[in-house]
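The chain contents come next:
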Amino acid sequence: MRGLRELCLAPAAAVLAALFAAPMGILAAYSLMTRGAYGGVATPFTLEGWRRMADALYVAVLIKSFVVAGISTALCVLLGFPLALFIARAGARKNLYLALVMLPFWTSFLIRTYAWMFLLRDTGLVNTVLLGLGLIHEPLPLLYNWGAVILGLVYGYLPFVVLPLYASLERQDPALEETAADLGARPVETLFRVTIPLCAPGLRAGAMLVFIPCLGAYLTPDLLGGGKTILMGTLIQNQFSSARDWPFGSALSLGLMALVTALLWMQARRKGETLP
Amino acid sequence: MGTVLELRGLSKRFQEQVALDDLNLCIGEGELFSLLGPSGCGKTTTLRLVAGFEEPTAGEVRLRGESLAGKRPFERNVSTVFQSYALFPHLTVRENIEFGLRYKRGGDGRRRVKECVEMLELGDKQGRKPEQLSGGEKQRVALARSLVVQPDVLLLDEPLSALDPNLRSQVRAELRSLQRRVGITFVFITHDQEEALSVSDRIALLNRGRLEQVGSPRDLYLRPASRFAAGFLGPVNWIDGIGVRPEKTRIEAAAGGAGARRMAATVESSTFLGNCLHVETRTESGQRVVAEVARLDGVQSGQRVEVAWAAEDEIRLPE
């Protein structure tokens, strides 16, 4: 039995080792080297890449990334909770609504982001309609700004909040809300004293599933922000492309990853989960 | 004794299915009243209509003379102890018990919490979470939580069914004495006739959404109004339209005893049940008659005997 178990785990372990551990090792090695003249890396080994991260310029980008990811996560939760509650209470229609929430996954995220550009640009649908109706006289600057970036992030990651929240709400014993009402609590009080506290695990999971990818998002800030919005993701990508500073890019990647891991670990410890 | 809870022509239909059909009941102040019946008889629907979780299709619920029509659960001064106890898992025992306090104006809430905690012996459990409690403790927390808000009527949905069988008779007695102490009207929902018989002041027997009979435990057991009522409250031998309970049926080895109704029968089997002997017999007309007797000396399977009973023990159904 033991042998069989290990045999079944072996392919997954091999994939993880080859596609996860090895690139991480390469990234770690690159981060300690000198930039090559035309990209790539060269010797000697140095800590320069890691040292540059403390530069005020890059710390500002990191803070900005946290703020944008935080705002996007908050909006996702605010929009996602009522939606998840609605779906969890929808009875027979539940599965239909869940399928609708997941429908966007059938198209590439890149295509969907381009679609937003067509909607938001100066000659896009929104501006055309508003101009046509005479509500505005010149196009609204909807694209290539922070608003567009946050809109894109919220749009892209909303399902990741809705699904865990839905799972939490669906599992809840309806007798708990009935008991609250029975003891005199109005619906709003029941919501804040029973329903929301009980779906805290789903809320945390959903928030993490949004916050972490938002922190490192590259595609959305690049396309909808139009290069004017530098976040961690775009900064790292720049190091590997136009800036041709692979060691710094590698150091930034690992640094961000370490920071997120540390935050998650601290949060989990505060919740009293057993961790190494 | 005034009426606290009155159900007038209460009916509930779910789509095509009739869950409750024209139920009329008056439940008195301080009464321990049971709604008894098999699953699907409408007892849980009745509870949900009284608590306000469902709206009746017809009829109304009146509490202390006032109609509850259109009132939502938080506006009704009734409280429910659910079968699952429905303790809030994210709150401690103390926080659970205090939950309804802020919605209850007047009176000394702190003192009531203290009283309920003491009465239900939860003093040393107050800091625990529900998951750390035994079934019996959970039930006591649910009771305390409901009693703190001083309801006019406390509804208990199958309060014993989730408990360990060994505990049931003890908890049954405790519920009874708790009800006497607090003096609040309890409406007890159960499918277990023994439970209903042992705790209730009065029982309403429901069947297929209709009221079958209402009365004291004694009335229901000894003078059932229907064949269903007689059978639901305990086993009955139906002999030519007359009912006799097995424990009132005797087995006589010698024929021709006097002063009783009797009938010739053959013993088919006898089973020792500890507190009695369960004897199955068949009469000459092929009727099965069961007797529960203390002892049965010298009678074997296949032996011809007489089954006998006293006339006053016969169950006669109203025509």
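These figures come from a predicted structure and were not determined experimentally. (Residues numbered from 1 in each chain as written. Chains lettered and ligands numbered in written order. Predicted model: local features only at pLDDT ≥ 70, side-chain atom pairs only at ≥ 80, totals over all residues.)

**Focus: the overall build of chain A**
Just so we agree on the cut-off: Strands are runs of DSSP state E lasting at least two residues, helices are runs of H or I lasting at least four, and both sets are numbered from the N terminus onward. Exposure classes come from backbone-placed C-beta atoms, where a residue is buried if 20 or more other C-beta atoms lie within 10 Å of its own, exposed if 12 or fewer do, and partly exposed in between. Our contact criterion uses C-beta atoms placed from the backbone: two residues qualify when those atoms are within 7 Å.
Per the secondary structure count, chain A includes 13 helices and two strands. With the C-alpha coordinates of chain A rotated into their principal frame, the extents come out at 70 × 70 × 35 Å. Expressed as a percentage of its 276 residues, the buried residues of chain A come to 30%. Contacts spanning at least 24 positions in sequence make up 67% of the contacts within chain A whose residues lie at least 6 apart.

**Structural notes on the overall build of chain B**
Secondary structure assignment for chain B yields eight helices and 17 strands. Taken along its principal axes, the extent of the C-alpha atoms in chain B is 75 × 45 × 35 Å. Across the 319 residues that make up chain B, the buried fraction comes to 36%. Once local pairs closer than 6 in sequence are excluded, the contacts in chain B between residues at least 24 apart make up 65%.

**A short note on the pairing of strand β2 (residues 17-28) of chain B**
Residue and element names in this part refer to chain B. Selection criterion: Any two strands with at least two DSSP bridges between them are considered paired.
Inspection of the sheet shows strand β1 (residues 3-14) paired to β2 by eight bridges, in the antiparallel sense. The partner of T3 across the bridge, within β2, is G28. The antiparallel hairpin formed by β1 and β2 contains two residues in its connecting segment, where Q15 sits at a positive phi of about 50°.

**Quick word on the sheet that holds strand β10 (residues 210-215) of chain B**
All names here are of chain B. For clarity, the threshold we go by: The axes are straight lines fitted to the C-alpha atoms, using for helices just the contacting stretch, and the angles between their N-to-C directions are given from 0 to 180°.
What the six strands build is an open sheet, ordered β6-β7-β8-β3-β9-β10; its pairing is mixed. The sheet terminates laterally at β6 (78-81) and β10, the two strands that pair on one side only. The average angle at which neighbouring strand axes cross in this sheet is 20°, direction not considered. For β6 and strand β7 (residues 153-157), the ladder comprises four bridges, and the chain directions are parallel. Bridge assignment links S79 to a residue of β7, and that residue is L154.

**Considerations on the domain arrangement of chain B**
Bring the parts together and some accessible area is lost; that lost area is often taken as the interface size. Applicable threshold: By convention here, the domain bounds are inherited from an automatic or database domain assignment.
By the assigned domains, chain B splits into domain 1 (3-228) and domain 2 (235-313). Placing a centre on the C-alpha atoms of domain 1 of chain B and another on those of domain 2 of chain B gives a separation of 40 Å.

**Observations regarding the interface of chain B and chain A**
To keep it simple, the criterion reads: Charged means Asp, Glu, Lys or Arg here, nonpolar means Ala, Val, Leu, Ile, Met, Phe, Trp, Tyr, Cys or Pro, and polar covers whatever is left, Gly included.
Every contact between the two is made by 17 residues of chain B and, on the other side, 14 residues of chain A. Split into classes, the residues belonging to the side of chain B that touches chain A amount to ten nonpolar, five polar and two charged.

**Regarding the packing of helix α3 (residues 56-88) of chain A against helix α7 (residues 146-171) of chain A**
All names here are of chain A. Condition: Oblique is the label for any angle not covered by the other classes, which are roughly parallel (under 35 degrees), roughly antiparallel (over 145) and roughly perpendicular (65 to 115). By definition, turning the near helix anticlockwise from the far helix through less than a right angle yields a left-handed crossing, and turning it clockwise yields a right-handed one.
Two numbers describe how α3 lies on α7: the axes approach to 6 Å, and their chain directions differ by 45°. For the element pair α3 / α7, the angle class is oblique. Along this stretch, α3 crosses α7, giving a crossing that reads as right-handed. A breakdown of the residues in the contact of α3 with α7 according to their chemical character gives 23 nonpolar, two polar and one charged.

**Focus: the nonpolar core**
Definition in use: A set of buried residues drawn from Ala, Val, Leu, Ile, Met, Phe, Trp, Tyr and Cys, joined through C-beta atoms within 7 Å, is what defines a nonpolar core.
Counting residues in each nonpolar core, the largest one holds 115 residues, and the members touching the most others are Y157, L165 and C214 of chain A together with A144, L155, V187 and A204 of chain B. It is α7 of chain A that provides the largest number of residues to this core, a total of 16 residues. Leave out the neighbours within four places in its chain, and A204 of chain B touches L25, L35, L36, L211 and V214 of chain B. By size, the runner-up hydrophobic cluster in this structure holds eight residues, among which are I251, V279, V305 and V307 of chain B.

**What about the sheet that holds strand β5 (residues 66-67) of chain B?**
Residue and element names in this part refer to chain B. Read across the open sheet, the four strands follow the order β2-β1-β4-β5; overall the sheet is antiparallel. Strands at the two margins of the open sheet, each flanked by one partner only, are β2 and β5. Taken together, the five bridges between β1 and strand β4 (residues 58-63) define a ladder with antiparallel strand orientation. Paired with S11 across the strands is A58, a residue of β4.

**Here we look at the environment of R102 of chain B**
All names here are of chain B. Take R102: it is sitting in the loop between α2 (93-98) and α3 (109-119). Residue classification places R102 among the partly exposed positions, given that 13 C-beta atoms sit within 10 Å. Distance from R102 to V149, taken between C-alpha atoms, is 9.3 Å for residues 47 residues apart in sequence.

**Structural notes on the confidence of the model for chain A**
The test is simple: A residue's pLDDT is the confidence the predictor assigns to it, expressed on a 0 to 100 scale.
Across chain A, pLDDT averages 89, with 97% of residues at or above 70. Highest mean pLDDT in chain A belongs to helix α9 (residues 187-198) of chain A (95); lowest belongs to strand β2 (residues 41-42) of chain A (78).

**As for the pairing of β10 of chain B**
Residue and element names in this part refer to chain B. Bridge count between strand β9 (residues 202-207) and β10: five bridges; the pairing is antiparallel. Looking at the pairing, L206 lines up with L211 of β10. The antiparallel pairing of β9 with β10 creates a hairpin that spans two residues between the two strands, and R208 there sits at a positive phi of about 50°.

**What about helix α5 (residues 165-182) of chain B?**
Formally: Given a helix with a known number of residues, its expected span is that number minus one, times 1.5 Å.
In this model α5 of chain B runs 26 Å from its N-terminal to its C-terminal C-alpha over 18 residues, within 8% of the 26 Å that 1.5 Å per residue would give. Just beyond α5 of chain B, the residue with positive phi is G183 of chain B, at close to 70°.

**Quick word on the packing of helix α5 (residues 109-120) of chain A against α7 of chain A**
Residue and element names in this part refer to chain A. Viewed as axis vectors pointing N to C, α5 and α7 meet at an angle of 140°, and their least axial separation amounts to 11 Å. Comparing their axes, α7 and α5 come out oblique. With respect to the hand of their crossing, α5 and α7 are arranged in right-handed fashion. Contact residues: F109, T113, W116 and L120 in α5; A148, G152, Y155 and G156 in α7. Here the residues of the contact of α5 with α7 sort into five nonpolar, three polar and no charged.

**A word on α9 of chain A**
Residues and elements named next belong to chain A. We count it as follows: Directions drawn from the helix axis to the C-beta atoms are what define this arc.
For α9, the full list of buried residues reads T190, V194 and L198. Seen along its axis, α9 keeps its buried residues to an arc of 30°; they face one direction. Summarising the geometry of α9, the exposed residues directed more than 90 degrees from the buried face are V188 and F192. In this structure, the buried side of α9 is in contact with α8 (174-182) and α10 (200-215).

**Remarks on unusual backbone geometry**
Residues and elements named next belong to chain B. Of note, the phi angle at A86 is positive, near 50°, even though the residue is not glycine. Along the chain, the position of A86 falls in the loop between β6 and α2. Look at E121: it is not a glycine, yet its phi comes out positive at around 50°. With respect to the helices and strands, the residue E121 is situated in the loop between α3 and α4 (135-148). E121 sits in the exposed class, given 12 other C-beta atoms within 10 Å.

**Concerning the confidence of the model for chain B**
In the predicted model, chain B carries a mean pLDDT of 90, and the fraction of residues at 70 or more is 97%. Both scores are available for the predicted complex, with the pTM at 0.82 and the ipTM at 0.85.

**Structural notes on the environment of R172 of chain B**
Its location among the elements puts R172 of chain B in helix α5. Once the C-alpha coordinates of R172 of chain B and Q303 of chain B are considered, the two residues, 131 residues apart in sequence, prove to be 42 Å apart.

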